[in-house]
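Residue-level structural notes
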Amino acid sequence: MKFRPGCLALAPLAPLGAAVAHAALTPRKTSAYQPQPDPDRAMAYAEKLSAMIRCDTTSYANVREPEKFERFHALLAGLFPLVHEKLERTDIDGNLLYYWPGRAHDRPIVLMSHQDVVPAEGTWEHAPFSGDIADGKVWGRGASDTKCSVMAFFQAVEELLAAGYEPANDVYIASSCTEEWAGDGAPKLVAELKRRGVRPFLVCDEGGGIITEPIGGIPGNFAMVGVFEKGKADVKFTARSTGGHASAPTANTPIARLSAFVTDVEKHAPFRKKFLPEVTAMFTRLAPYAPFGLRLVMGNLWLFAPLMKVVLPRVSAQAGAMLRTTIAFTMQSGSDAYNVLPQEATLGANMRFIPHQGEQESLAIIRRLAEKHGLEMEVVHTNDYSEPVDIHGEAFCQVERVIGETFPGLPVSPYVMTQGVVREGSEEFTRTSIYGVSEFFYDARRNQAMSGETLAKGRFLSYIDVSRYQNVCVVGSYLEQNAFGGDALGKTLTIKGTPFTVIGVLAEKADNSEGSGDDVIFLPYGNAMRLNGTGSVDLYLFN
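Read on for a plain summary of the structure. (Residues numbered from 1 in each chain as written. Predicted model: local features only at pLDDT ≥ 70, side-chain atom pairs only at ≥ 80, totals over all residues. Heavy atoms only, no water.)

Here we look at the environment of A46
Secondary-structure assignment places A46 in helix α3 (residues 39-54). In this structure A46 comes out as buried when scored by relative accessible area, which is 12%. Between the C-alpha atoms of A46 and C148, which are 102 residues apart in sequence, the distance is 9.3 Å. Beyond its immediate chain neighbours, meaning those up to four positions away, A46 contacts I133 and V138. (Helix = DSSP H or I, 4+ residues; strand = E, 2+ residues; numbered from the N terminus. Buried < 20%, exposed > 50% of the residue type's maximum accessible area, 1.4 Å probe, protein only. Contact = heavy atoms within 4.5 Å.)

In structure tokens form, the structure reads like this:
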């Protein structure tokens, strides 16, 4: 056999050729589902949800207001009489558990959703507890988080009871009144289920939903089912010294050591990136719905995963957060005077644990780095990730099957939720692209941002805004028109529950439609890190 260099040179191209062939041969799919609601039924549901919103169930950390939730419980009894007549009801300090006996008891289902809502702040187009029904929507605090699912669970059981239905297995409805501040409501319900010896076959809680264009470039509606939740920790780092006067500074002062630690973490990311099976499955399931270029990459992670591990975190903080544990440095303190070296300086951080590097391993990694820089580390609060759902298991397949029967033509995909919802009053904007940038992103002399936008009103972010983590933002023309009726300056919107004041409006750049280049927000990059639980940023895009 003769040595033929040409064949050898082509050998490395074989995997790429296989990937191209796979993408080309993958049948192109489209999401055919379009909602077609029954007007009378939809209005009946809207009126029940409206009544629930009008009952204020705002909760505050460690504040007990039983009368508030007693009113809500009385309302539930009036709206869903068969549920309260036929099901066994248990009230544990305002947290509700309903039991619906089935023909069998070995595979119980738990339908879980909370009663309480966060405080209503800022300016609302419709009063936060009005429950107004207008423009095809129900308006008010809790409409989406999450009295809608409380209503849906109760309404489903109410209708099935009216039809004389007997479930194949036991069903429990669980609803806490302390979820918004991570109180003890849900743990009390779990303890009661354990006391009864209940081991759920399936638990349905908030997370995911029917999302339009879940990844840019993939059109249509998709049922994105949340399958795990990252763990979380608040961590405090402390550097100590003998202090001193700024006129004679020593080396390695507390702030210098904290700064070196932060730089070390951000320049040499300590956490391992990995495509979890659930994330891989999301890309694989969505690939057939994508145009060829996206389909080539998403459908061939066996080849492109190493490249995607590098590219995704740089393009999208949300996507990067799906691949690894993250840490965001959010708080800092030192001396009370400019001319005094602190004896103690502290740094606060928020961590989010990924399943392949959970709570203990991630904390151990960051502790070793802290000790390397002479820092003490205190874990203020921590909880580990939830175990991922078996996306090939019977429970997930049952959910998938029911979604297909209920919403014909709607594709289903596992989903890891890391995005923030933008709100103005009670209006939600879920396709807005949010960029965290520095003041250098905008050139005032040319009135142009690095990405081409120009300023139409107000001003852009300043050094003070960025350095002091001011909760201010600049919005695109789409939000100016659709969220604020053409008058955005000085108004407030919220991102992941954090209010931001609009200081500038961009000129129209694209077609001024939802999800376009005009549906954008720019905010200080440090605020973006805090919102998204990510440690470093040049340009953040998460949506």
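Resuming the write-up.
Some details on the sheet that holds strand β8 (residues 208-212)
Reading across the sheet, the three strands line up as β8-β9-β16 and stay open at both edges, with mixed pairing between neighbours. At either end of the open sheet lies a strand with only one pairing partner, and these are β8 and β16 (412-415). Mean inter-strand twist for the sheet, computed between neighbouring axes without regard to direction, equals 30 degrees. Where helix α9 (residues 277-286) meets the sheet, it contacts β9 (221-226) and β16, and its direction lies at approximately 150 degrees from that of β16. Relative to β16, helix α14 (residues 394-406) is tilted by about 135 degrees, and along the sheet it contacts β9 and β16. (Pairing = 2+ DSSP bridges. Axes fitted to C-alpha atoms, helices over the stretch in contact; angles between N-to-C directions.)

Structural notes on the sheet that holds strand β10 (residues 231-240)
Reading across from one edge, β12-β14-β10-β15 is the order of the four strands in this open sheet, with antiparallel pairing throughout. Single-partner strands in this sheet number two, and they are β12 (326-333) and β15 (376-383). Strand after strand, the sheet turns through a mean of 20 degrees between neighbouring axes, direction not considered. In the packing of helix α13 (residues 359-372) onto the sheet, contacts are made with β10, β12, β14 (344-353) and β15, and the angle to β15 comes to roughly 160 degrees.

Details of the packing of α3 against helix α4 (residues 66-79)
Interhelical geometry of α3 versus α4 gives an angle of 165 degrees and a closest axis separation of 10 Å. The pairing of α3 with α4 is recorded here as roughly antiparallel in orientation. For α3 against α4, the interelement crossing comes out right-handed. Between α3 and α4, the contacting residues are K48, A51 and M52 on the first element and F72, L75, L76 and L79 on the second. (Parallel < 35°, antiparallel > 145°, perpendicular 65-115°, else oblique. Left-handed = near helix turned anticlockwise from the far one by under 90°.)

What to know about the packing of aromatic side chains
Using the criterion set out here, one finds 10 aromatic pairs in the structure. Taken together, a centroid distance of 6.2 Å and an interplanar angle of 65 degrees make the contact between W100 and Y165 edge-to-face. With a gap of 65 residues between them, W100 in strand β2 (residues 95-100) and Y165 in the loop between α6 (147-162) and β6 (169-175) connect regions that are remote in the sequence. Exposure remark for W100: the relative accessible area of 7% places this residue in the buried category. Considering the side-chain rings of F261 and F329, the 5.7 Å spacing of their centres and the 75 degrees angle between planes classify their relative orientation as edge-to-face. Here F329 lies in strand β12 and F261 lies in helix α8 (residues 254-267), a separation of 68 residues in the sequence. Of the two residues, F261 and F329, neither departs from the other in class, the shared state being buried. Pairwise contacts between aromatic rings join F80, Y98 and F154 into one cluster. The lysine or arginine in question, R107, covers the ring of F201, its NZ or CZ lying 4.3 Å from the ring centre. (Phe/Tyr/Trp six-rings, centres within 6.5 Å; stacked < 30°, edge-to-face > 60°. Lys NZ or Arg CZ within 6 Å of the ring centre and 35° of its normal.)

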